[in-house]
Amino acid sequence: MFWVLLLLAAWAVAGLACLRLCLAAVRAAAATPHAVDREHALTLYEAAFLAGGPRRVADLTLVSMARQRRLLLAHTGWATVVDPCGRDEMERSVIGAIGPEGQSRIAPVRATAAAADAVRGLADRLVRAGLAVPDGARGVAAGVQRVRVAAVTVVALGAAALALPLPVDQPRPLIALWFALPLTLTLGCLAITRMEVHPYSRWASPAGQRMIGALVRKADGSADDRTYLTSVAVRGVHAIGEPDLRAAFAHRERHVEEYRARQD
């Protein structure tokens, strides 16, 4: 009867994951503004936030300043200030994050700039416009991922139960049917969530995602600097074309991984 314990574990995993997703969806519905400012014209910073959150805004600022030769991003992962006069709040946040010496590693600069007041103010404006997901409503995407993991876990537990030696009076099809019930719960929860709140996003509301799509379509077909920065805002640093800039951000990622490994 060891398979019964596996069945109980499957129900516990599936039930908890579905419950957390339902609670996250309820919180999201309560926190998301019903009114959407459809006349709002997205800036590149706002598009970066909706597509990738605060850190994407910091990345966009770094790339924009580097292309204007007001910031030097070395392939070794260091940022050096060339022009200490920021042209907007985000640029001033980046320069302030680099520090008075005018040079710092890119990874801490990115983290500090992403947490600056300028980014929080930008996020608040997008939430009020109905384009960004409020802080308390960002659990739907994570909840969906947990339910997907739960579904795979149920299948694995069911397979383990069927692989066990069983008495003759316990047919395997019946045991498989018992495990199909929690699996049906997870798949049904995913189907309902997809119909009600898809597409899932941690940062952009459905209206915000539509605006990002419109911004990308509007930029397609041109080859100016704004189009380039739009690609960085929407797709991240992977859209960078210059080898030196790509190397700078690749070195940043390695530095972050090494730092996390030392912390562990």
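Residues numbered from 1 in each chain as written. Predicted model: local features only at pLDDT ≥ 70, side-chain atom pairs only at ≥ 80, totals over all residues. Heavy atoms only, no water.

### Some thoughts on helix α2 (residues 44-52)
For step 1, the next point in the chain: The buried fraction of α2 amounts to 7 of the 9 residues, a majority that puts the element mostly inside the structure.
For step 2, the next point in the chain: Where α2 ends, the next residue or the one after it, G53, has phi of about 85°, a positive value. (Buried < 20%, exposed > 50% of the residue type's maximum accessible area, 1.4 Å probe, protein only. Helix = DSSP H or I, 4+ residues; strand = E, 2+ residues; numbered from the N terminus.)

### Remarks on the pattern of salt bridges
For step 1, the next point in the chain: This structure, assessed with the given rule, holds 5 salt bridges.
For step 2, the next point in the chain: Here R67 ties to D225 by a salt bridge, and the two come within 2.7 Å at their closest N and O atoms. Within this pair, whereas R67 is found in helix α3 (residues 54-67), its partner D225 is found in helix α10 (residues 225-235), the two being separated by 158 residues in sequence.
For step 3, the next point in the chain: Measuring nitrogen to oxygen at the nearest pair gives 2.6 Å for the salt bridge that ties E242 to R67. Of this pair, E242 sits in the loop between α10 and α11 (243-263) while R67 sits in helix α3, and the two are 175 residues apart along the sequence. (Salt bridge = Lys/Arg side-chain N within 4 Å of Asp/Glu carboxyl O.)

### Structural notes on the sheet that holds strand β3 (residues 103-105)
For step 1, the next point in the chain: Read across the sheet, 3 strands follow the order β1-β2-β3 without closing on themselves; strand pairing throughout is antiparallel. Since the sheet does not close on itself, it has two edges, and those belong to β1 (71-73) and β3, each with one partner. The average angle at which neighbouring strand axes cross in this sheet is 20°, direction not considered.
For step 2, the next point in the chain: In this sheet, strand β2 (residues 78-81) lies alongside β1 in antiparallel orientation, the contact comprising 3 bridges. Residue L72 lies in a different strand from β2, and its bridge partner there is T80. (Pairing = 2+ DSSP bridges. Axes fitted to C-alpha atoms, helices over the stretch in contact; angles between N-to-C directions.)

### Thoughts on unusual backbone geometry
For step 1, the next point in the chain: In the Ramachandran plot, R69 falls in the positive-phi region, its phi being about 60° despite a non-glycine side chain.
For step 2, the next point in the chain: You can see R69 is positioned in the loop between α3 and β1.
For step 3, the next point in the chain: Among the residues examined, R69 registers a relative accessible area of 64% and is labelled exposed.

### Brief notes about the confidence of the model for the chain
For step 1, the next point in the chain: With 85% of its residues at a pLDDT of 70 or more, the chain shows a mean pLDDT of 84.
For step 2, the next point in the chain: Averaged over each element, pLDDT in the chain is lowest for α11 (62) and highest for helix α4 (residues 89-98) (94).
For step 3, the next point in the chain: pLDDT under 50 marks residues 255-259. Its contacts with residues more than four places away, or in other chains, come to 3 contacts. (pLDDT = per-residue confidence, 0-100. Contact = heavy atoms within 4.5 Å.)

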